[in-house]
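Reading the structure
This is what each chain is made of:
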Amino acid sequence: MEMMKGILKENAEKGAKFRTDLPIPEVGPRDILVRVKAAAICGTDQHIYNWTQYAQERVPVPMVFGHEFAGEVVKVGAEVTEVKAGDRVAGETHIPCNSCYQCETDNRHICENMKIIGVHTPGAFADYISFPVDCAYKINDELDYNTAAMMEPMGVGVHGVDKGDVAGKDVVIYGCGPIGLMAIGAARCMEAKTITAIDVFDNKLEVAKKMGADYVINSKEEDAVKLVLERTKHGCDVVIDYTGSPVVIKSGFGMLRKGGRFVLVGLSNGETSLDLSEDIIYKEATVIGVTGREMYRTWEQCEAILKDPRYNAAATIGGIYKLEDYEEAFKDIFSGKPGKMLLIP
């Protein structure tokens, strides 16, 4: 039997193992087998690596993880007609059931029976991955695999900016992790009037400038609410949060103008306390929750943005590592190095 290399979450404990003796996945009738060319490390992968409560409640072990990837189709199932061997694809994380109310009303990204590649099913930190063809997005020949592997997280950023309706508006983006940085670039391409990026790490704020931020604020050192209110006089038009921090969310509402729009993307741990009267009702604020990417409208938006010369895709890459050097990549992430870390099988 032919074997492959991969990063295996072998046991229910912190860490992972690099293996060279993993079986190449089987292909079901509606599945495709893809030779992975590049994979990116996500926040979810950090949970799995550290074996947090999130991972303990969701991930079966042993299992290969990783879900941001791009590669070449090498085999298709008997019922697959959408792609063929040789096609270049990027992977959508969310596996829809295609039969629930949300799927039937073109909202597959919030499927009621959602499964996630690399969390509930085997992932992409390997030479090969098998997954449903519904989750394959064909990419053009001009798009390199490293950039294509980042389209999944980029889509989260773009989805948030799209819901923010940012054109011609003063926009605040909280959180300059990889998704926040991609969102800044998207907001620039979607014609935001001004973009203020807020984080607590100066090195990430420097990348935010490269992505198109007009103003940057280190909220650990400065009063972000005060600065935004002083500059805008009445508050910003749009706040998009990619942190999930209760403190940040409270600050965001403090700088939002009356009639403004708040988009929540970052996932909070536990409950977040808000003064509904002051923060939302009296302001007539519009509050929108965003998860994942619309299938496949957001992907098409990403592809268009990647062709825009204002979008600096290279600035969002924090490091490129061989698959077997995954521990170095995770170490750099945990140390606060900005940008996406890519693993190359």
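Structure: above.
Quick caveat: nothing in here was measured; it's all calculated off a predicted structure. (Residues numbered from 1 in each chain as written. Predicted model: local features only at pLDDT ≥ 70, side-chain atom pairs only at ≥ 80, totals over all residues. Heavy atoms only, no water.)

Attention now goes to empty space enclosed by the protein. Under the counting rule described, the total for this entry stands at one cavity of 30 Å³ or more. Volume-wise, the largest cavity comes out at about 30 Å³. Along the walls of the largest cavity sit Thr-147, Met-150, Met-154, Met-182, Leu-306, Tyr-311, Ala-313 and Thr-316, which together make up its complete lining. Taken together, the residues that form the lining of the largest cavity break down as six nonpolar, two polar and no charged. (1 Å grid on protein atoms, 1.4 Å probe; cavity = no way out; pocket = protein on both sides within 12 Å on 5 of 7 lines; lining within 4 Å. Points joined across faces, edges and corners; volume = space filled by probe spheres on them. Nonpolar A, V, L, I, M, F, W, Y, C, P; charged D, E, K, R; others polar.)

Right, let's talk about the pairing of strand S9 (residues 128–132) for a bit. Extensive coverage of S9 is indicated by the burial of four of its five residues. Bridge count for strand S3 (residues 31–40) against S9 is five bridges, and the pairing is antiparallel. Of the residues in S9, the one forming a bridge with Arg-35 is Tyr-128. (Buried < 20%, exposed > 50% of the residue type's maximum accessible area, 1.4 Å probe, protein only. Helix = DSSP H or I, 4+ residues; strand = E, 2+ residues; numbered from the N terminus. Pairing = 2+ DSSP bridges.)

What follows is about the sheet that holds strand S2 (residues 17–23). The strand order S2-S1-S4 describes an open sheet built from three strands, whose pairing is antiparallel. The sheet is open, and its two edges are formed by S2 and strand S4 (63–64), each paired on a single side. In this structure, strand S1 (residues 3–9) lies alongside S4, joined through two bridges in antiparallel fashion. Note that in S4 the partner of Lys-9 across the bridge is Met-63.

The full count for this structure, using the stated rule, is nine aromatic pairs. Pairing Phe-69 with Phe-131 gives two aromatic rings, centres 5.2 Å apart and planes at 80°, and the pair type is edge-to-face. With Phe-69 in strand S5 (residues 68–76) and Phe-131 in strand S9, this residue pair connects regions lying 62 residues apart in the sequence. Neither Phe-69 nor Phe-131 differs from the other in exposure class; each is buried. Centre to centre, the rings of Tyr-137 and Tyr-296 are 5.6 Å apart; their planes meet at 25°, and the pair counts as stacked. Of this pair, Tyr-137 sits in strand S10 (residues 136–138) while Tyr-296 sits in the loop between strand S16 (286–289) and helix H11 (297–306); the two residues are 159 residues apart in sequence, bridging distant segments of the chain. Like Tyr-137, the residue Tyr-296 is buried in the burial classification. The side chain of Arg-88 reaches across the aromatic face of Tyr-145, ending 4.4 Å from its centre. Geometry around Phe-201 places Lys-220 over its ring, the cationic atom sitting 6.0 Å from the centre. (Phe/Tyr/Trp six-rings, centres within 6.5 Å; stacked < 30°, edge-to-face > 60°. Lys NZ or Arg CZ within 6 Å of the ring centre and 35° of its normal.)

So, on to the pattern of salt bridges. Enumeration according to the criterion identifies 25 salt bridges in this entry. Note that Glu-206 is salt-bridged to Lys-209, the shortest N-O span being 3.1 Å. Placement of both Glu-206 and Lys-209 in helix H7 (residues 202–211) is noted, with a separation of three residues, approximately one turn of the helix. Of the residues examined, Glu-206 reaches a relative accessible area of 43% and is grouped as partly exposed. Given the relative accessible area of 43%, Lys-209 is considered partly exposed. A salt bridge links Glu-294 to Arg-297, with the shortest nitrogen-to-oxygen separation between them at 3.5 Å. A residue is classified by how much of its surface remains accessible, and Arg-297, at 40% relative accessible area, is partly exposed. (Salt bridge = Lys/Arg side-chain N within 4 Å of Asp/Glu carboxyl O.)

Right, let's talk about the state of the cysteines for a bit. Evaluated as defined, the whole model comprises zero disulfides. Considering cysteine sulfurs only, Cys-103 is the nearest to Cys-100, which forms no disulfide, with 3.7 Å between them. Take Cys-100: its relative accessible area is 6%, and that puts it in the buried class. (Disulfide = S-S within 2.5 Å.)

Along helix H1 (residues 43–50), the residues classified as buried are Thr-44, Asp-45, Ile-48 and Tyr-49. The arc that holds every buried residue of H1, seen down its axis, measures 140°, which confines them to one face. For H1, the secondary structure elements touched by its buried residues are S1, S3, helix H2 (53–56) and helix H12 (326–334). Within two residues after H1, Trp-51 carries a phi angle of roughly 55°, on the positive side. (Arc of directions from axis to C-beta. Contact = heavy atoms within 4.5 Å.)

Here six strands make up an open sheet; going across it, the order is S13-S12-S11-S14-S15-S16 and the pairing parallel. Sheet topology places strand S13 (215–218) and S16 at the edges, where each strand pairs with a single neighbour. Each strand of the sheet is rotated relative to its neighbour by a mean of 15°, with strand direction disregarded. Relative to strand S14 (residues 236–241), strand S11 (residues 170–174) is paired through four bridges, and the arrangement is parallel. Bridging from a neighbouring strand, Val-171 pairs with Val-238 of S14. (Axes fitted to C-alpha atoms, helices over the stretch in contact; angles between N-to-C directions.)

Together, Leu-276, Ile-281 and Tyr-282 line one region of the surface with nonpolar side chains, adding up to about 350 Å² of accessible area. With respect to the helices and strands, the residue Ile-281 is situated in helix H10 (residues 276–281). (Patch = residues over 30% accessible without salt bridge, like charges linked within 9 Å, V, L, I, M, F, W, Y side chains within 5 Å. Areas by Shrake-Rupley, 256 points an atom, 1.4 Å probe, with all protein chains shown as cover.)

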